[in-house]
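Structural features, examined
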Amino acid sequence: MTPTTTRLTVAQALVRFLAAQYTERDGVRQRLISATWGIFGHGNVAGLGQALVEYADDMPYHQGRNEQSMVHAAVGYARQSNRLSTHAVTTSIGPGATNLVTGAALATINHLPVLLLPGDIFATRVADPVLQQLEVPYAGDLSVNDCLRPVSRYFDRVTRPEALIPAALQAMRVLTDPVETGAVTLALPQDVQAEAYDWPEEFFAERTWVVRRPGADPTELAEAVTAIRSARRPLVIAGGGVHHSRAEEALAEFAAATGIPVASTQAGKGSLRWDHPQDVGGVGHTGTATANELARQADLVIGVGTRYTDFTTASGTLFERAGVRFLNLNIAPFDGHKLGGQPLVADASSGLAELTAALRMHDHQVTEAYVTEYTEDKQRWEYRVDACYEADEIDVRPTQPQVLGALDALVDESDIIINAAGSLPGDLHKLWRARSRDQYHLEYGYSCMGYEIPAAIGVKMAAPDRNVWALVGDGTYLMMPTEIVTAVQEGIAIKMLLVQNHGYASIGGLSESVGGERFGTAYRYRSGDGTYTGAPLPVDLAANAASLGMRVLRAKTVGDLREALAQARAADTPTCVYVETETADTVSGAPPAQAWWDVPVAETATRPSAVKARELYDRHVSTRRRHL
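Cut-off values and rules
Residues numbered from 1 in each chain as written. Predicted model: local features only at pLDDT ≥ 70, side-chain atom pairs only at ≥ 80, totals over all residues. Heavy atoms only, no water. Helix = DSSP H or I, 4+ residues; strand = E, 2+ residues; numbered from the N terminus. Buried < 20%, exposed > 50% of the residue type's maximum accessible area, 1.4 Å probe, protein only. Pairing = 2+ DSSP bridges. Axes fitted to C-alpha atoms, helices over the stretch in contact; angles between N-to-C directions. Contact = heavy atoms within 4.5 Å. Phe/Tyr/Trp six-rings, centres within 6.5 Å; stacked < 30°, edge-to-face > 60°. Lys NZ or Arg CZ within 6 Å of the ring centre and 35° of its normal. Polar contact = N/O pair within 3.5 Å; in protein donor to acceptor, adjacent residues only side chain to side chain. Expected span 1.5 Å × (residues − 1). Arc of directions from axis to C-beta. Patch = residues over 30% accessible without salt bridge, like charges linked within 9 Å, V, L, I, M, F, W, Y side chains within 5 Å. Areas by Shrake-Rupley, 256 points an atom, 1.4 Å probe, with all protein chains shown as cover. Salt bridge = Lys/Arg side-chain N within 4 Å of Asp/Glu carboxyl O. Lys, Arg positive; Asp, Glu negative; His and termini not counted. Charge placed at Lys NZ, Arg CZ, Asp CG, Glu CD. Parallel < 35°, antiparallel > 145°, perpendicular 65-115°, else oblique. Left-handed = near helix turned anticlockwise from the far one by under 90°. Nonpolar A, V, L, I, M, F, W, Y, C, P; charged D, E, K, R; others polar.

With an omega of 5 degrees, the peptide bond between aspartate 128 and proline 129 qualifies as cis. Summarising the element assignment, proline 129 is placed in the loop between strand S7 (114–120) and strand S8 (154–157). Phi at aspartate 363 takes a positive value of approximately 50 degrees, unusual for a residue other than glycine. With respect to the helices, strands and loops of the structure, aspartate 363 is situated in the loop between helix H14 (348–361) and helix H15 (368–389). With phi around 45 degrees, serine 447 is a residue other than glycine that occupies positive phi space. One can find serine 447 in the loop between strand S19 (440–442) and helix H18 (452–462).

A word on helix H1 (residues 10–19). With nine of its ten residues buried, H1 lies for the most part within the structure. Listing the buried residues of H1 in full gives Val10, Ala11, Gln12, Ala13, Leu14, Val15, Phe17, Leu18 and Ala19.

Our next topic: the sheet that holds S19. What the six strands build is an open sheet, ordered S19-S18-S20-S21-S23-S22; its pairing is parallel. Each end of this open sheet is capped by a strand with a single partner; those strands are S19 and strand S22 (551–555). Each adjacent strand pair in this sheet contributes to an overall mean axis angle of 20 degrees, direction not counted. Each of strand S18 (416–419), S19 and strand S20 (468–473) is contacted by helix H17 (residues 424–431), which is oriented at about 150 degrees to S19, the strand it contacts most.

Applying the stated criterion to the full structure yields twelve aromatic pairs. Here the aromatic rings of tyrosine 197 and tryptophan 199 are separated by 4.8 Å at their centres, their planes lie at 75 degrees, and the arrangement is edge-to-face. Measuring from ring centre to ring centre gives 5.8 Å for tryptophan 199 and phenylalanine 203, while their planes differ by 20 degrees; the resulting arrangement is stacked. With respect to class, tryptophan 199 is no different from phenylalanine 203; both count as buried. Here the aromatic residues Phe17, Tyr197, Trp199, Phe203 and Phe204 are joined through ring pairs into a cluster of three or more. Cation over ring: arginine 554 sits above tyrosine 578, and NZ or CZ is 5.8 Å from the ring centre.

Moving on: the side chain of threonine 258. Position of threonine 258 among the secondary structure elements: in helix H10 (residues 248–258). A distance of 3.2 Å separates the side chain of threonine 258 from the backbone nitrogen of isoleucine 260, its partner in a polar contact. Ignoring anything within four residues of it in the chain, the contact list for threonine 258 reads Leu359, His364, Gln365 and Val366.

Right, let's talk about helix H24 (residues 608–621) for a bit. For H24, spanning 14 residues, the distance from its first C-alpha to its last is 20 Å, which sits close to the expected 20 Å at 1.5 Å a residue. Those residues of H24 that sit buried are Ala610, Ala613, Arg614 and Tyr617. Down the axis of H24, the buried side of the element spans an arc of 105 degrees, and every buried residue falls inside it. Along H24, the residues that are exposed and aim more than 90 degrees away from the buried face are Pro608, Lys612 and Arg619. Lining the buried residues of H24 we find helix H21 (505–513).

Residues Glu390, Asp392, Glu393 and Asp395 make up a contiguous surface patch of negative charge. Structurally, the position occupied by aspartate 392 is in the loop between H15 and helix H16 (400–410). Under the relative-accessibility criterion, aspartate 392 is labelled exposed at 71%.

What follows is about the packing of H10 against H14. Put simply, H10 and H14 touch, their axes get as near as 9 Å, and they point 20 degrees apart. Regarding the angle of H10 to H14, the classification is roughly parallel. Our pair here, H10 against H14, has a crossing hand that is left-handed. Along the contact surface, H10 presents Ala250, Leu251, Glu253, Phe254, Ala257 and Thr258, while H14 presents Ser349, Leu352, Leu355, Thr356, Leu359 and Arg360. Within the contact of H10 with H14, the residues separate by chemical class into seven nonpolar, three polar and two charged.

Moving on to the sheet that holds strand S2 (residues 21–25). With mixed pairing, the three strands of this open sheet are ordered in space as S3-S2-S11. Every other strand in the sheet has two partners, leaving strand S3 (28–31) and strand S11 (207–210) as the edge strands with one partner each. Within this sheet the neighbouring strands show an average axis-to-axis angle of 30 degrees, counted without direction. When S2 meets S11, the two strands line up parallel, connected through four bridges. When the bridges of S11 are listed, threonine 23 appears paired with tryptophan 209. Sheet contacts for H1: S2, S3 and S11; angle to S2, the most-contacted strand, approximately 25 degrees.

By themselves, these observations are geometric and do not establish any function.
This is how it looks when you write it as structure tokens:
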């Protein structure tokens, strides 16, 4: 029997194929590619642009303003959807395609799926060079899209219609693989997009990609149980893999059954509610004193779904105890073997459930003295949080911690906060009291300025009934405010808390600590000596946000801020609360870093600040350990 075929363009076939892809985990099925973002140019308007019109009923379309922002929105949607659903992003060739690179790197580093569909130069080379084409004398098959190769988990260039079939199937495989997932790129030459082909109908049949939950190897599980039972001061470090796996309940059960305290990375915060008895807060350079002291004295560190970045390990200086061992529960073998650790390669939820069951057979729990120690330490830290949040006067300009305190007092477990860069991640990791598994949305794998606003749009699309807050500093805002227009156009009622502190506050503080003297980090006029130390720039970011269509509430004092935040939370349109903060130089700010971070300091210098910073740096470096 001759197979049934349908004649479509490559772009039309791709859109039809994507509309028929589903994921399933734990018996729940949903669309894999639920919508497509796009900005059209000559490289995709007649191909994918026409196909999206042709199949508008099957594939929703969203109009973006910046290609990088569109990726951030898709990534925000994917994270809120537990990596089971995401968006595609289509661009023209040239700058539209290269604008994808930063978003792709962010997605891949954070193990979050997004499908990128940039246009490409003519496969037939009949028009060569075309507008925006990069000519490479030594290679005729290169285009600017090749910039996406190192930041994509899968890359293919579809130079013939029939090549779409294996390329599309491989793309779906990677997007749904819990180990491999990240940015997937299918570069689409503009002539091939519009070329017709007779496609087998089975290419368009519904496919369900099951997202697996592998259990632990029996030998590795037995060894893990032995390691935990022999430890006297074990500590769990919960990473983003806990959330990706939806392993929060399994972790809570494990912690309650064993009494082992749980610290969290930026990506893992919220794995336990802040008031869970075993939650001891953030760990590492931006962590709490409680968690970091436990890490220094731990004899067994149980990493669950963590990559052990330098912020988490304090650049290799945090885990001080002689003979400290590592047990790494991770779905990726690459991460399971880090720090010379004992791997337990499994899905986080499955692995934790197996560990809990095995330890219950032995009635294993940590000592009461250990529980009392970390419980009392945690209580002392919460007193410090209260002090940072407290505002004795309401008619004064707030500090940044007091801004967070005002928001903390307002929200409930349904609210979601989003942040990525600047000084806010440090304050949030130390101070924020996460009330639900997905309230705390920090992108700290790439820490990308400009992520917050478009990501908030994506999160709100995935969770339309919840309040979604984009916490944005002035530096981040100036990087990428353009998707405010998208929120207004689509009626997506995100909330933006815009904090003005006149410069790169976080990097300014770092600069001062490493001998850089805050050079080039303030938003100020040039002074007579040529440095940026003059008066603050007369930039009105609130007016800018309003000009893009957002409702703006200005808050000058603590009292104003509380009222504005309440109004914003109740709003059903995109709303911004704008506040200028007091600096930590004049009013108490967040507690300083509780652990070190390695930013190399000039080994030789004449300026006293750099000389002093190097002396301190050398003392810290001397404490670094290689865990083998």
